[in-house]
Amino acid sequence: MSKSYKIGVIKGDGIGPEIIDEAIKVLDAVSVSQGFNLKYEEMLLGGAAIDETGVPLPEETIKGVKKCDAILFGAIGGPKWDTLERHLRPESGLLGLRKEMGTFANLRPAMVYDELVNASSLKAEVIQGVDIMVVRELTGGIYFGQPRELHQDMAFNTMVYTREEVKRIAIVAFDIAMKREKRICSVDKANVLEVSQFWREIVEEVAVDYPEVELSHMYVDNAAMQLIREPKQFDVILTGNIFGDILSDAASMLSGSIGLLPSASTGKGVGLFEPIHGSAPDIAGQGIANPLATISSASMMLRYALGENDAADKIDDAIKKALSEGYRTGDLGDYDAKEICTCTEMGDIIADYSSK
Ligand code: IPM
Ligand code: MG
């Protein structure tokens, strides 16, 4: 009997449903050709959940995700829900889900497809061959620190990291570095923040167990600059929650479009796989979204959560093939495009190529 996996699917808001539909199309095609079976269960999160149930993270979703082998997620949020109180906003649903699932390690690869070297706003020679893995701590730091309060004349958040939180994310980064070029740059703001000084000390402690890995430290402002100046100097970037959020968006533009980059969030149990971009409400429903980041996230899911590496390779190769043949969604339409595709057409092409 062929292997069977249960995938929790969270389409979310904005372009979420469109891009997830294409990822599922590709997953279906590749699973048939590779001889395994995927069963999907849809779950609600974010704005879609608010509309249906009144809360951004329904109890049913919390229970549901734990029974799956992996979760594939689109995007959440939109102007419709922007005026809600913070704990009721779609973003709170996503943050709550990450916390509930214990997905503390967010892996955000930023790679440049050779086919798209002209798509970046940076010069081709600066970005050709860039292959960075941002390892972002995802369930701690200022996003979750207590106390946090909003008053009439003042407001505050707390940036807090425990030894255990820093240690476990550092271990993830070092393990990944061992499979890559064995270089880690840990990014912090240790010249100003105690929490960063602490972060640095723990990362140094973990490094002792990985003598082959070259560890450097960089302040986050400098890292932002270096990412644009000479991105090829980086192999693995290890950083906290908010710095990782900012740097991964910056790193995404090396690739030419934020619509290309996937992410994997792993940790204690079930993993969460999602594009790094948002729900793009301005283009939702027009069929012009780029589904490649979500399709790549589905590939990461096959590789990291299900161990279906051949199927993941098929998808990655199919994306490269489609790009090298000049198929582009509108966001990349100006760069060596032979044919501008809709979201659905791009999904069709990748599904076709990855099933061969
Ligand atoms: C991301 C997003 C989220 C984050 C938002 C939507 C809460 O920007 O995944 O990068 O800040 O983590
Ligand atoms: Mg972000």
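Residues numbered from 1 in each chain as written. Chains lettered and ligands numbered in written order. Predicted model: local features only at pLDDT ≥ 70, side-chain atom pairs only at ≥ 80, totals over all residues. Heavy atoms only, no water.

*Asks:* What exactly am I supposed to notice about the packing of aromatic side chains here?
*Replies:* The description of an aromatic ring pair uses the distance of the two centres, along with the angle that the planes make with each other. Applying the stated criterion across every chain yields a total of three aromatic pairs. An angle of 75 degrees between the planes, with centres 5.8 Å apart, marks the rings of tyrosine 5 and phenylalanine 36 as edge-to-face. Here phenylalanine 36 lies in strand β2 (residues 36–42) and tyrosine 5 lies in strand β1 (residues 3–12), a separation of 31 residues in the sequence. Owing to a relative accessible area of 10%, tyrosine 5 belongs among the buried residues under this scheme. (Phe/Tyr/Trp six-rings, centres within 6.5 Å; stacked < 30°, edge-to-face > 60°. Helix = DSSP H or I, 4+ residues; strand = E, 2+ residues; numbered from the N terminus. Buried < 20%, exposed > 50% of the residue type's maximum accessible area, 1.4 Å probe, protein only.)

*Asks:* Can you help me understand the packing of helix α1 (residues 16–34) against helix α11 (residues 309–324) in this one?
*Replies:* Packed helix pairs are specified by the crossing angle of their axes together with the interaxial distance, meaning the distance between the axes. Interhelical geometry of α1 versus α11 gives an angle of 130 degrees and a closest axis separation of 10 Å. As summarised for this structure, α1 and α11 are arranged oblique, according to the angle between their axes. The chirality of how α1 crosses α11 is right-handed. Contacts between α1 and α11 involve Val26, Val30 and Gln34 from the first element and Asp310, Ala311, Lys314 and Ile315 from the second. (Axes fitted to C-alpha atoms, helices over the stretch in contact; angles between N-to-C directions. Parallel < 35°, antiparallel > 145°, perpendicular 65-115°, else oblique. Left-handed = near helix turned anticlockwise from the far one by under 90°. Contact = heavy atoms within 4.5 Å.)

*Asks:* Hey, could you run me through the site of ligand 1 in this one?
*Replies:* Every residue close to ligand 1 is listed here: Glu91, Arg98, Arg108, Arg136, Tyr143 and Asp245. Within the contact set of ligand 1, an oxygen atom lies 2.7 Å away from a side-chain nitrogen or oxygen of arginine 98. The side chain of arginine 136 places a nitrogen or oxygen atom 2.8 Å from an oxygen atom of ligand 1. Considered on its own, ligand 1 offers 320 Å² of accessible surface; in the complex 77% of this is hidden by protein. Residue classes in the shell around ligand 1 are distributed as one nonpolar, no polar and five charged. In this structure, the shell around ligand 1 is formed jointly by two domains, domain 1 (1–111 + 258–356) and domain 2 (121–255), each of which donates at least three residues. (Near = heavy atom within 4 Å. Polar contact = N/O pair within 3.5 Å; in protein donor to acceptor, adjacent residues only side chain to side chain. Areas by Shrake-Rupley, 256 points an atom, 1.4 Å probe, with all protein chains shown as cover. Nonpolar A, V, L, I, M, F, W, Y, C, P; charged D, E, K, R; others polar. Domains from an automatic or database assignment.)

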